[in-house]
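Residues per chain, in single letters:
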Amino acid sequence: MAASLRQVVAGSWRQPQRYLLALQCATHHTRWCLITSRTFYTAEYDPNEKVTFEKLLIANRGEIASDDKTCKKRAIKTVALCTDLSAGAVHVKMADEAVCVGPAPTSKSYLNMDAIMEAIKKTRAQAVHPGYGFLSENKEFARRLASEGVTFIGPDTHAIQAMGDKIESKLLAKNAKVNTIPGFDGVVKDADEAVRIAREIGYPVMIKASAGGGGKGMRIAWNDEETREGFRFSSQEAASSFGDDRLLIEKFIDNPRHIEIQVLADKHDNALWLNERECSIQRRNQKVVEEAPSTFLDPETRRAMGEQAVALAKAVKYSSAGTVEFLVDTKKSFYFLEMNTRLQVEHPITECITGLDLVQEMIRVAKGYPLRHKQADIPINGWAVECRVYAEDPYKSFGLPSIGRLSQYQEPLHVPNVRVDSGIQEGSDISIYYDPMISKLITYGSDRAEALQRMEEALDNYVIRGVTHNIALLREVIIHPRFVQGDVSTKFLPDVYPDGFKGHKLTDLEKRELLAIATSLYMAEQLRSQQFLGSPRISLAKLDLNNWELSIQLGDGTYPVTVSNNGSTFSVEVDGMKLNVTSEWNLASPLLSVTIDGTQRTIQCLSRDAAGNISIQFLGTVYKLRILTKLAAELSKYMPEKAVEDTTSILRSPMPGVVVAVSVKPADLVSEGQEVCVIEAMKMQNSMIAAKTGKATSKNLRGSWQHAGNPSCNL
Amino acid sequence: MSSLSLRLLPRLLPVSRTRLVRSHSAGAPVSVPARIAEKRRAALLGGGQARIDSQHKRGKLTARERILLLLDPDSFVEYDMFVEHRCADFGMESDQNKYPGDSVVTGQGRINGRLAYVFSQDFTVFGGSLSGAHAQKICKIMDQAVMVGAPVIGLNDSGGARIQEGVESLAGYADIFLRNVLCSGVVPQISLIMGPCAGGAVYSPALTDFTFMVKDTSYLFITGPDVVKSVTNEDVTQEQLGGAKTHTAVSGVAHRAFENDIDALLNLREFFNYLPLSNRDPAPVRKCHDPSNRLVPELDTVVPMESTKAYDMVDIVHSIVDEREFFEIMPSYARNMIVGFARMNGRTVGILGNQPKVASGCLDINSSVKGARFVRFCDAFNIPLITFVDVPGFLPGTAQEYGGIIRHGAKLLFAFAEATVPKITIITRKAYGGAYDVMSSKHLRGDVNYAWPTAEVAVMGAKGAVQIIFRGKETDAEAEYVNKFANPFPAAVRGFVDDIIEPSTTRIRICRDLEVLASKMQSNPWKKHANIPL
């Protein structure tokens, strides 16, 4: 299947009916995009510029591949790539054509150059937009495209090569008078050499595969031992993911901010800087929350960074959109980190504050048009925030991937000035093969407070069911006093949550609100369960609904409440305080807007059952409660305690992934803290550690596929 | 819960004990009101505080506490509180061996406002053993339940027959069995096993429509572990022999199990809301917030491209029914078939579906019997049937043939064919061979049969078909067979499916059809009763 090409006409070869649906979907999306474009873009199209490309192939997946609004507006036909797994995905449905390039693993599909080149030939696409990740910064791909006479929408091969190579890019940066960090890049023979280099630079150092983009596979070492471990992981990852053994070891700047400058250059030696993006909120060196502009930069620093970024772009004769990443320390000194020769995930926030459509500008530049703007034309209008919504469990290391099927999915598009770029829809599968990003959620406001306020609202109104997601973490970050003050660094998450993320901590008032909401929801359900339509043969007995006494368990606490009903309002007495809760009480709606004594809250009831268990997403965090009548609560003391499984003797995979290495054999003695196996998921390798000393009795095989929670080894 | 209902709890009884004791000691005749009060007090205490405490220690609630949790507050109306057993042998005639009400609490009350008859066996009185009086009390409410047309709920917690009464007790069982049979198909009967239920006693739950159990504290078996050991020399624990896990996963005797008494009773309240009160009533329609015209885009991608790949039929059910609420029956038994209750636009429906995730969703002995019994319940009580079909056929093999798959498969066929309630069928993917006919096909009087675009109605899979037709000679005929039969057209052109629908519109279509079919009138030829291949 890997090499064999299969022409797929907008969805499925097996089901002609789906074709119709794809079209409906596309129309719908276009309409929505036009609405957003009116909100966000000020730059209009020049009607004198003739249609640029007739057909464009998007060598990517997910939301970037769906983000072909620009093409729709300009009537450029699009070709999507899909795998055996993603043939029903949104980006495939939205495209005019789709070509299957192989099975799900990316090395056999989206990284399979031969298959992609053949797809280009077959569809006669004139240009290729690489999106980000995958082949977006692959010079070989750009070269092969050039040799076929296909336009690569991005910089030319030379710039990709120069910037893709960490040594060369640093040298170039130095020559262009850009501030750089001391470090080493090249093939590191063994762990000893890695240690020698690390000592030379001085701890702490950062180790990663040279070929890897962004923070993927990046490890920090504070001492020799950690350097050895980092060397082992990074060299393995370098070989397996990129087929390129070189490593980058460099000085790690403690407590830095990650601020990047968006540049845009054409083929006529013009280059602009489109201001900065603050991307400091990261977990495991991957960005979580981004904003533009940064609260930290003053106009002088901004200009200095912008000018250096432009200088670098000009030094490599850069054309197209690119990003120059800097680390900025507390004294506003900045160091060049790397340049990404592609569109970034977080580009929409720059589009929001500058009004430019970067995809459109990239296509224009690729076709050879000069830039239409001068540096003085680039404004900072308002404030934009982007949250990366991931399918992952934020309670485990700020986010370990989860998989599943999106049983319900509803984007908060009814909230004003919200943009959601996603490549998924209700029913989509989140698999282990790709990045677990569900969407990027962008809000825009005239100032930062407004943008953040809208983000809060948008997060509360975002319905994602079927997979675990990180909304709780995102919402906590954007309301955290340190974040609100702009006091952030790349270590924000471990600093603020040293013991890991534990969800929102309820204040007393919030707790009462939650209890009151849960009570009201329970009562609304009780009331509804007596509402039978039609005229029953045996008349219904009416229940007295005043002064119901209930008992609610939340965490370790049990709270007695009394509740009375009056129409759509419930009066709930909790802890001697009376709260009035009003809502439509639509028990089918995934979102419920409630008013508690004048305060509006949007909550989501994730589940409720007959036994009184109810889980509610309140202020971003999911709370599990149990509501019983006073009688049932009194009697529940007699219920037997059920034995809980001792889990320390079972090593469970914390997330779905593939076992890539096993370091113990059955009957081996394993000591506490020893590595038992390595599980690779979402392109990350995770060491699995024994929780207690014992003898390994069984294990799942290397190369096998693990669900989250699957025991991979018994002790 | 109002504090009024707590009044019924024996421990909180306000009646003064000392006054009554004093009048006894004085030897003076006790006044009638005082005697009534005394009897009531004694009845409420069952076997006494010590036995109540020991019941609690076992993690079980008393008969009365269970009733209070099951029924709406203040709605319980008790019958026969003064009935006592009539045994005069083995010292049973002495006053201290008489308990007003004997070992069962009976009466009627309301669940979410709707009438239900209930009996609750009292383990604190002679271990809940069944005396003649005990049986007579149960029979009384069952007789009335049939006359009125309201369900009977039994909360079973009984050590078995009242051995002191001998044959009287056996007669009592038989009286109940007879009524179970006569009530069958007239009013719903539900058994909740909340303690031991052994010997002949097990046949009463077995005759009712649904048997639920409580995990770890309930047992059902013909003979206990001791007898098993002495007869067959098998070592087996109570739990292995007849615990909730055994009966919900292995034997299929019980329909579902719950964590503890409270969970079970609260779930029973929920379950009750799906049922009509009797065969005279239509399926209940509860107020519904879920729009009947809701599109379900999720469904357009739920069936995988590869026809060999599994998916979860329960996902489909959840997304189609009201508010994703699906009360699954026998979720751990014969998991290749899913059955259960849900609502469509508020109206109770019975859902059946092949489960591709388990054994490819094939029909075998257990799944056929599971499905057949469910279909017959729904048909008896006017509950429309919605069937989701993805079935590769009957499971082949000696185990199945020796086990009588022909006879058991016929039950499902019989049940679907005989049913006259509204029948809506959706073929999501495979509908192969005889199994296609069985799964509520058009030919068995399906009212509305839909195919999704992914449907393949065929005699068998393409590979096998080509092998038979060409005896392995020609290989490229497989594509031709796929092209011809692995799609919904052959069935659609013959009118065997009424329409090929977009999966996302399935909910809308079903809701609309049920609206129309609500007035469906269909009857079978007169007969004393049919002869289903048991």
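Note that the structure is a prediction, hence the values are computed from the model and not measured.

Details of the overall build of chain B
Within chain B, the secondary structure is distributed over 20 helices and 17 strands. Its C-alpha atoms give chain B a radius of gyration of 27 Å, within 12% of the compact-globule value 24 Å for 534 residues. Dimensions of chain B, computed from C-alpha atoms along their principal axes, come out at roughly 105 × 55 × 45 Å. Counting all 534 residues of chain B, 57% fall into the buried class. Within chain B, contacts between residues at least 6 apart in sequence are counted, and of these 74% link residues at least 24 apart.

Topic: the interface of chain B and chain A
The interface of chain B with chain A comprises 63 residues on the first partner and 55 residues on the second. The tally of links from chain B across to chain A stands at eight salt bridges. Arg528(A) is the partner of Glu323(B) in a salt bridge, and the nearest nitrogen-oxygen pair spans 2.8 Å. Run the count over chain B and chain A and you get 19 residue pairs in polar contact (both at pLDDT 80 or more). No other element matches helix α11 (residues 261-272) of chain B, which puts seven residues into the side of chain B that touches chain A. Residues belonging to the side of chain B that touches chain A are distributed by class as follows: 23 nonpolar, 13 polar and 27 charged.

Quick notes on the sheet that holds strand β31 (residues 613-618) of chain A
All names here are of chain A. Strand order in the closed barrel formed by eight strands is β25-β26-β27-β28-β29-β30-β31-β32, and the pairing between neighbours is antiparallel. For this sheet, the mean angle separating the axes of adjacent strands, direction not counted, is 35°. Judged from the six bridges that link them, strand β26 (residues 557-566) and strand β27 (residues 569-574) form a sheet pairing that is antiparallel. Of the residues in β27, the one forming a bridge with Val 561 is Val 574. Against the sheet, helix α18 (residues 508-528) engages β25 (548-554), β26, β27, β28 (577-583), β29 (592-596), β30 (599-608), β31 and β32 (621-629), with an angle of about 125° to β25.

A word on the nonpolar core
Looking at soluble globular proteins, one finds that nonpolar side chains tend to be buried together. Ranked by size, the top nonpolar core spans 103 residues in total, and within it Ile153(B), Leu155(B), Phe212(B), Phe271(B), Ile329(B) and Phe341(B) carry the most contacts. Broken down by element, the residue count for this core peaks at seven residues, all from α11(B). Among all residues touching Phe212(B), those that are not within four sequence positions of it are Ile190(B), Ser191(B), Leu192(B), Ile193(B), His255(B), Arg256(B), Phe258(B), Leu268(B), Phe271(B), Phe327(B) and Ile329(B). The next biggest cluster of nonpolar side chains, apart from the first, holds 39 residues, and it includes Val389(A), Ile438(A), Leu441(A) and Ile478(A).

Some words on the UniProt feature "domain: CoA carboxyltransferase N-terminal" (unreviewed entry) in chain B
Residues given the UniProt feature "domain: CoA carboxyltransferase N-terminal" (unreviewed entry) here are residues 29-287 of chain B. Taken end to end, residues 29-287 of chain B has its terminal C-alpha atoms 57 Å apart, with 40% of it in helix and 17% in strand.

Thoughts on the confidence of the model for chain B
Residues and elements named next belong to chain B. On average, residues of chain B carry a pLDDT of 91, and 94% of them reach 70 or more. In the predicted structure, residues 1-24 sits below a pLDDT of 50 and forms 38 contacts with residues beyond four places in sequence or in another chain. Among the prediction metrics, the complex's ipTM stands at 0.90, with pTM recorded as 0.83.

Digging into helix α5 (residues 113-123) of chain A
All buried positions along α5(A) are accounted for by Met113(A), Ala115(A), Ile116(A), Met117(A), Ala119(A), Ile120(A) and Thr123(A). Of the residues trailing α5(A), Arg124(A) is marked for its positive phi of about 55°.

As for the state of the cysteines
Residue and element names in this part refer to chain B. Taken as a whole, this structure holds zero disulfides over all chains when the rule is applied. For the unlinked cysteine Cys 139, the closest cysteine sulfur is that of Cys 183, found at 9.4 Å. Owing to a relative accessible area of 7%, Cys 139 belongs among the buried residues under this scheme. In this model Cys 197 remains outside any disulfide bridge; the closest cysteine sulfur is found in Cys 139, 15 Å from its own.

Focus on the pairing of β25(A)
All names here are of chain A. With five of seven residues buried, β25 lies mostly within the body of the structure. Here β25 folds back onto β26, and the loop between the two strands holds two residues, one of which, Gly 555, carries a positive phi near 60°. Here β25 runs beside β32; their pairing, made up of five bridges, is antiparallel. Its bridge partner lying in β32, Gln 553 is registered against Arg 626.

Conventions and cut-offs
Residues numbered from 1 in each chain as written. Chains lettered and ligands numbered in written order. Predicted model: local features only at pLDDT ≥ 70, side-chain atom pairs only at ≥ 80, totals over all residues. Heavy atoms only, no water. Helix = DSSP H or I, 4+ residues; strand = E, 2+ residues; numbered from the N terminus. Rg over C-alpha atoms; globule rule 2.2 N^0.38 Å. Buried < 20%, exposed > 50% of the residue type's maximum accessible area, 1.4 Å probe, protein only. Contact = heavy atoms within 4.5 Å. Salt bridge = Lys/Arg side-chain N within 4 Å of Asp/Glu carboxyl O. Polar contact = N/O pair within 3.5 Å; in protein donor to acceptor, adjacent residues only side chain to side chain. Nonpolar A, V, L, I, M, F, W, Y, C, P; charged D, E, K, R; others polar. Pairing = 2+ DSSP bridges. Axes fitted to C-alpha atoms, helices over the stretch in contact; angles between N-to-C directions. Core = buried A, V, L, I, M, F, W, Y, C linked by side-chain atoms within 4.5 Å. UniProt positions renumbered as here; feature names shortened; annotations may be inferred. pLDDT = per-residue confidence, 0-100. Disulfide = S-S within 2.5 Å.

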